[in-house]
Amino acid sequence: MKKLFLLLITSFTIIFFSCDENFSPKEEFKDGYILYGIIASDDLHNSQRNEVYISKLYDVDGYDPGINVDDPTVSGANVVIEYRNNFYTLTQAERNRVDTSRYKNKLTYYYTNQIAPLPNNPISIMAQMPDGKYISSSTYIPDDMVFEYSYDFDRTGINPKLNQFLWGDKWIINWSAYQADYRKHLYFPQLTIYYEKNGATGVTAGKVKIPSTFIKRNGIEEPYFVPFTYGESVTFDFEAIDKTLNDISKDDTAKSSYSVGPVIFEVIEFDANLSSYYSSINGSLDAYSVSLNESIFSNINNGTGVFGSYKSNKRSFNFNSNYIKEIGYKIKY
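These numbers come from a predicted model, not from an experiment.

Cut-off values and rules
- Residues numbered from 1 in each chain as written.
- Predicted model: local features only at pLDDT ≥ 70, side-chain atom pairs only at ≥ 80, totals over all residues.
- Heavy atoms only, no water.
- Pairing = 2+ DSSP bridges.
- Helix = DSSP H or I, 4+ residues; strand = E, 2+ residues; numbered from the N terminus.
- Axes fitted to C-alpha atoms, helices over the stretch in contact; angles between N-to-C directions.
- Core = buried A, V, L, I, M, F, W, Y, C linked by side-chain atoms within 4.5 Å.
- Buried < 20%, exposed > 50% of the residue type's maximum accessible area, 1.4 Å probe, protein only.
- Contact = heavy atoms within 4.5 Å.
- Salt bridge = Lys/Arg side-chain N within 4 Å of Asp/Glu carboxyl O.
- pLDDT = per-residue confidence, 0-100.

A. Main features of the sheet that holds strand 10 (residues 170-176). Within the open sheet, the three strands sit side by side as 9-10-15. Their pairing is antiparallel. Two strands close off the open sheet at either side, each with one partner strand: strand 9 (146-149) and strand 15 (233-237). The average undirected angle you get between the axes of adjacent strands in this sheet is 20°. Where strand 10 and strand 15 come together, five bridges link them in antiparallel fashion. Considered in strand 15, the bridge of Trp171 is made with Phe236.

B. Here's a closer look at the nonpolar core. By size, the foremost hydrophobic cluster in this structure holds 31 residues, and its most contacted members are Trp171, Leu245, Phe265 and Phe319. Elements with a minimum of two residues in this core: strand 10, strand 11 (187-199), strand 15, helix 3 (238-247), strand 16 (258-270) and helix 5 (321-327). No other element matches the five residues that strand 16 contributes to this core. Sequence-distant contacts of Leu245, defined by excluding residues within four places in its chain, comprise Ile193, Val260, Phe319, Tyr323, Ile324, Ile327 and Tyr329.

C. View of the pattern of salt bridges. Counted by the stated rule, this structure contains 13 salt bridges. Here Arg315 ties to Asp43 by a salt bridge, and the two come within 3.2 Å at their closest N and O atoms. Of the two residues, Arg315 is situated in strand 17 (residues 304-317) and Asp43 in the loop between strand 1 (33-42) and strand 2 (50-56); the sequence distance between them amounts to 272 residues. The exposure class assigned to Arg315 is partly exposed, which follows from its relative accessible area of 27%. Taking relative accessible area as the criterion, Asp43 reaches 25% and is therefore assigned partly exposed. Residue Lys243 is joined to Glu221 by a salt bridge in which the shortest nitrogen-to-oxygen separation is 3.9 Å. Note that Lys243 is positioned in helix 3 and Glu221 in strand 14 (residues 220-224), a separation of 22 residues in sequence.

D. Just the sheet that holds strand 7 (residues 122-128), in detail. Within the open sheet, the four strands sit side by side as 4-3-7-8. Their pairing is antiparallel. Taken across any chain shown, the strands that pair with only one partner, and hence form the sheet edges, are strand 4 (86-89) and strand 8 (134-140). The mean angle between the axes of side-by-side strands here comes to 20°, regardless of whether they run parallel or antiparallel. Pairing of strand 3 (residues 78-83) with strand 7, which is carried by six bridges, proceeds in the antiparallel orientation. Within strand 7, the residue paired with Val79 across the bridge is Ala127.

E. Examining the confidence of the model for the chain more closely. Scored by pLDDT, the chain has a mean of 86; 83% of the residues are at 70 or more. Overall, residues 4-21 carries pLDDT values under 50, and its contacts beyond four positions in sequence, including any with other chains, amount to 48 contacts. Scored below 50 in pLDDT, residues 284-293 shows eleven contacts in the model against residues more than four places distant or in partner chains.

Here it is as C-alpha cells:
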C-alpha cells in the first residue's frame, strides 16, 4: 500500500490542464493542500498502523513538474482522527525515501497504532496546517463479508480431483456484505498455497498463488490472475489448483521433502472512496473501455486527495490428505 501512498502525492502535485477555446497547458496556480490516508482493517479487528501523508500543491517555471526539488510534504500539521467518539492525535515521523533522485531529505508522514477498526463504522479525519488552514474528510470501514462456495471443502479438504460431472470444473467463491454501497467497492481476490521444503541447508518456507485459470498462447500455458473486480465472486479452475500444487516440485523427484500447509483465500475490499480513487488514476478497469475523464477523484474538504479504507477478509482451508499423499507430499497442519 505504501507505493499507493506515494503515487497519490505524485498524482496530485502535478498541475492539470483542460481544453477550451483559449487553450493553455497551465491554469492559474492556487495554493492548496493534499491529504492521503488509508485506514486498514482485518477480520480479527486488530489495531493497525495507519499512516497519513500531507503535501502542498506547487508550481514550477515552465511545464515540467519534475524539475521541482523542494520537498512539498508538510511537517508541523496537527492531524486528528475521530473514531467511535474517541479522538486520536497522530504522531509525526520520518522515513528514508526509496527514490532520492528529486528529494534528498527524509519523507515526513503521520501515524497512529491505536485504532482497531470495526466493520461498517464511520471514521473521520481533520488536519490543521501550519498556516492555520483546516482540511477534513470521512469514510466508512467496509463491512464483514459472508462467503459461499460452489463446493464446501471445510470437512474433506480441497481436492480438485472431485467428481467434476457432479460439481463442475471450477471452484466458485461468492461474497456479500450488508453495506448499501458495497456494489461500488473494488475487490482484490487471491488464493495462496503455503508450503515448506526440507533441503540440505534446512527448511525453507514458500508460498505460491493459484491463478484463476491457465490460458494457452502460442502453445504455452500462461497463468491468469484476476487483478480486481467490482463483482462479488471469483472462480478457480480445479485444473489450475492441481497444476499449481504439482508445479511446486516441478523437475524435483524428491516429492516427500515438500510439506503442504494451508490454502488461504483472501479478498481485500476497498471502500467506495478508495475504489473511486483507484479507478480514476487507472483510467479504465477492464480491457474493453477507456475513461475519457481526466479528473482524479478527491473527497478532501477544503483540499485535495483521498481518505479511504480497506479491509482484508481471509479464510483458511486444508488440502485433502489423500490427495496430498497421492502427489507424494507431506502434510503440514
